[in-house]
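# Coordinates in review
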Amino acid sequence: MTTLALRRPDDWHLHLRDGAHMAAVLPFTAARFARALVMPNLKPPMTTTAALGEYRARILAALPEGADFEPWMTLYLTDSTPPDEIRRARDSGFVLGAKLYPAGATTHSDAGVTSIENTWPALEAMAEHGLVLQVHGEVTEPEVDVFDRETAFIDRVLTRILERVPGLKVVFEHITTAAAAEFVRSARGGLAATITPQHLLLNRNAIFEGGVRPHHYCLPLLKRERDREALLAAATGNDQRFFLGTDSAPHARHTKEAPCGCAGIFSAHAAIELYAEAFEQAGRLDRLEAFASERGADYYGLPRNEQRISLSRERWTVPDHYPFGDDELVPLRSGTSLAWRVVPA
Ligand code: NCD
Ligand code: ZN
C-alpha cells in the first residue's frame, strides 16, 4: 500500500501554549486534525469560561490563512470551581469539559486540585450539565514511586470519582500502563481513555538510552515494554473506549535540556504519521481511522468529520528542531526518519 486515506482525525488532548509559542506549533496540528481539545494549563491557568473564550479567540486568530480547524476547550478545575462556572462553561457552546490536574502532578498544575473531596460540587454540576471530566491520572504523594503513580491514582481517586458521581463521563487521559487499559475495559460506562503516540512507540528504556534523554521525558512517564504492548493492543483493538489524544506538549529546548528539565514531548509535527507507524507495527492500519477519527467524536457526541486526509508511504527526516518563538523546539524523533507523510491538501 502506498497511500492511506482516512476521515480527518481529531486530537482530543493537546497543549498549544500561547503567543509566539502557540503561533509556532498550531499550524502542525491544523494541517492534520479537524478539531482538538486544548488543555488549559497555562500561566495563569484557564479557570473561567471568560478566560477560555479569550484564549479560544487567540487560537482562531493565530490559525494560518485558509486553515480548517476548530479548537474545543476544557476548564481548569480547582479546589473551588463553583457550579455556576460549570453552567457558564456548558452555555458557552465551546467547552467540552473540565480538566482535573492533581496539584503538583505535572506542568503548571500548582493551581490544581489538592483533594478530590473539594471537587464534588463541581463534578455533580458537570454530570448534570453533560460536561466531561478529563483527568491527569497520577497521585502526587512523594512516597509513591513515580512509575506507580498512575496505578495508585486508579485505586485512590478514579474509582471514587466513578462511584461518587455515577452520571459523570470521564476521560482517563494519556494512559500509560496495562493496568490502566484493563481498568478502562472493566469500569462502568462513561469511562474512556486517550493514548499518546509516545506511549505506543516507546518504553521507559528510551528515557535512558545511552544517557539521560530529556526529550523522552513526559508525564505520566513512559512505562515497561509490556505496558506499551497492552496500550498498542487497546488502541488497535475493537474497543470504542480508546481514542486519540496526542498530549503534544511543547517546551523550549533550554527548559528541557536543563538541570531540572520540564516534562512534555512535542509530537504535533508528525502526530498522525507517528500513530500510523504504531498501527502498522501492530499490523492494524485498518483500525487507525476508528481510533483517530471516529471513537473520540462519538464519545463527545460530536459529528464525525466529513473531510478526509491522505498519508503516503514516503520516508522523510524529521528536523533536529523547529523555531519556537525566540527559542527552539526539539520534536519527537528529531533527526530520524518516519515512514509516513501527510499529503498536503
Ligand atoms: C504536559 C505539559 O507540558 O503541559 N506535560 C507532559 O509531560 N505531558 C502536561 C501534562 O499533560 O501532563
Ligand atoms: Zn497533557
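Anything mentioned here points back to the structure above.
This section reports on the structure supplied with the text. Since the model is a prediction, treat every value here as computed from it, not as a measurement.

Bringing the site of ligand 1 into the picture now. Asn41, Thr106, Leu219, Asp247 and His251 are the nearest of the 15 residues found near ligand 1. Between ligand 1 and Asn41 there is a distance of 2.8 Å, counted from an oxygen atom to a side-chain nitrogen or oxygen. Against a free-state accessible area of 310 Å², the protein chains account for coverage of 100% of ligand 1. Within the shell around ligand 1, the residues separate by chemical class into four nonpolar, nine polar and two charged.

With that settled, the discussion passes to the environment of Trp316. Structurally, the position occupied by Trp316 is in strand β10 (residues 308-317). According to the relative accessible area criterion, Trp316 is buried, its value standing at 10%. With 20 residues separating them along the chain, Trp316 and Thr336 place their C-alpha atoms 8.3 Å apart. When near neighbours in sequence (up to four residues on either side) are disregarded, Trp316 contacts His269, Ala270, Glu273, Tyr322, Thr336, Ser337, Leu338, Trp340 and Arg341. Within polar-contact distance, the side chain of Trp316 engages the backbone oxygen of Trp340 at 2.7 Å.

Turning to the sheet that holds strand β9 (residues 242-244), a few remarks are in order. Read across the open sheet, the eight strands follow the order β2-β3-β4-β5-β6-β7-β8-β9; overall the sheet is parallel. Both edges of this open sheet fall to β2 (10-14) and β9, since each of them pairs with a single strand only. This sheet shows a mean twist of 30° between the axes of neighbouring strands, independent of strand direction. Taken strand by strand, helix α2 (residues 49-62) contacts β3 (35-38), β4 (70-76) and β5 (95-100), and its axis lies near 155° from that of β4.

End to end, helix α11 (residues 288-300) covers 18 Å across 13 residues, agreeing with the expected 18 Å (1.5 Å per residue, within 8%). A maximum bend of about 40° is found in α11 at Glu294. Burial analysis of α11 places eleven of its 13 residues in the buried class, which makes it a mostly covered element. Those residues of α11 that fall on the buried side of the exposure criterion are Leu288, Ala290, Phe291, Ala292, Ser293, Glu294, Arg295, Gly296, Ala297, Tyr299 and Tyr300.

This part is about the coordination of the zinc ion (ligand 2). The coordination sphere of the zinc ion (ligand 2), as far as protein atoms go, consists of His13 (NE2), His15 (NE2) and Asp247 (OD), spread over 2.0 to 2.1 Å. In this structure, the zinc ion (ligand 2) is surrounded by four donor atoms whose angles at the metal cover 92 to 141°, and the resulting shape is irregular. In primary sequence terms, the donor set of the zinc ion (ligand 2) follows H-x1-H-x231-D. You'll find His13 and His15 in the same group, each marked buried.

With that out of the way, let us pick up helix α5 (residues 149-164). Residues lying three or four places apart along an α-helix face the same way, a consequence of the helix completing one turn every 3.6 residues. With 16 residues, α5 should cover 22 Å at 1.5 Å per step; its first-to-last C-alpha distance of 21 Å lies within 8% of that length. At Asp155, α5 shows its largest bend, some 40°. Turning to α5, its buried residues are Arg149, Glu150, Ala152, Phe153, Ile154, Val157, Leu158, Ile161 and Leu162. Among the structural elements, β5, α4 (120-129), β6 (132-135), β7 (169-172), α6 (178-186) and β8 (191-195) are those in contact with the buried residues of α5.

Turning next to the environment of Met126. Position of Met126 relative to the elements: it lies in helix α4. Expressed as a C-alpha distance, the spacing of Met126 and Ala89, which sit 37 residues apart in the sequence, is 9.5 Å. Setting aside residues no more than four positions away along its own chain, Met126 makes contact with Ile86, Gly97, Ala98, Leu131, Val132, Leu133 and Leu168.

This brings us to the nonpolar core. Judged by nonpolar contacts, the single largest core of 104 residues is most densely connected at Leu133, Ile161 and Phe172. Residue contacts for Ile161: discarding those within four places in its chain leaves Leu100, Ile116, Trp120, Leu123, Leu133, Leu168 and Val170. Counting 14 residues, the second largest nonpolar core, distinct from the first, contains Trp12, Trp72, Val171 and Leu302.

Direction vectors running N to C along α5 and α6 enclose 20°, while the axes themselves pass 10 Å from each other. When the interaxial angle is binned, α5 and α6 end up roughly parallel. Considering only the axes of α5 and α6, their crossing is right-handed. Of the residues in α6, those in contact with Glu150, Ile154, Leu158, Thr159 and Leu162 of α5 are Ala179, Ala180 and Phe183. Considering only residue class, the contact of α5 with α6 consists of six nonpolar, one polar and one charged.

Our next topic: the side chain of Gln198. Locating Gln198 in the fold gives a position in helix α7 (residues 197-201). In this structure Gln198 touches Cys218, Leu222, Thr246, Ile265 and Leu332, once residues within four positions along its chain are discounted.

A complete count under the given rule lists 23 salt bridges for this structure. Across the pair Arg333 and Glu277 runs a salt bridge, and its minimum N-O distance is 2.9 Å. With a gap of 56 residues between them, Arg333 in the loop between β12 (327-329) and β13 (337-342) and Glu277 in helix α10 (residues 271-281) connect regions that are remote in the sequence. Overall, Arg333 belongs to the partly exposed group, its relative accessible area being 25%. On the accessibility criterion, Glu277 (12% relative accessible area) is buried. Residue Glu314 pairs with Arg341 through a salt bridge whose shortest N-O separation is 3.3 Å.

What counts and how
Residues numbered from 1 in each chain as written. Chains lettered and ligands numbered in written order. Predicted model: local features only at pLDDT ≥ 70, side-chain atom pairs only at ≥ 80, totals over all residues. Heavy atoms only, no water. Near = heavy atom within 4 Å. Polar contact = N/O pair within 3.5 Å; in protein donor to acceptor, adjacent residues only side chain to side chain. Areas by Shrake-Rupley, 256 points an atom, 1.4 Å probe, with all protein chains shown as cover. Nonpolar A, V, L, I, M, F, W, Y, C, P; charged D, E, K, R; others polar. Helix = DSSP H or I, 4+ residues; strand = E, 2+ residues; numbered from the N terminus. Buried < 20%, exposed > 50% of the residue type's maximum accessible area, 1.4 Å probe, protein only. Contact = heavy atoms within 4.5 Å. Pairing = 2+ DSSP bridges. Axes fitted to C-alpha atoms, helices over the stretch in contact; angles between N-to-C directions. Expected span 1.5 Å × (residues − 1). Bend = angle between axes of the 7 residues up to and from the residue. Donors = N, O, S within 2.8 Å, 3.2 Å for Na, K, Ca; no water. Tetrahedral: all angles 85-135°; square planar, octahedral: opposite > 155°, others 65-115°. Core = buried A, V, L, I, M, F, W, Y, C linked by side-chain atoms within 4.5 Å. Parallel < 35°, antiparallel > 145°, perpendicular 65-115°, else oblique. Left-handed = near helix turned anticlockwise from the far one by under 90°. Salt bridge = Lys/Arg side-chain N within 4 Å of Asp/Glu carboxyl O.

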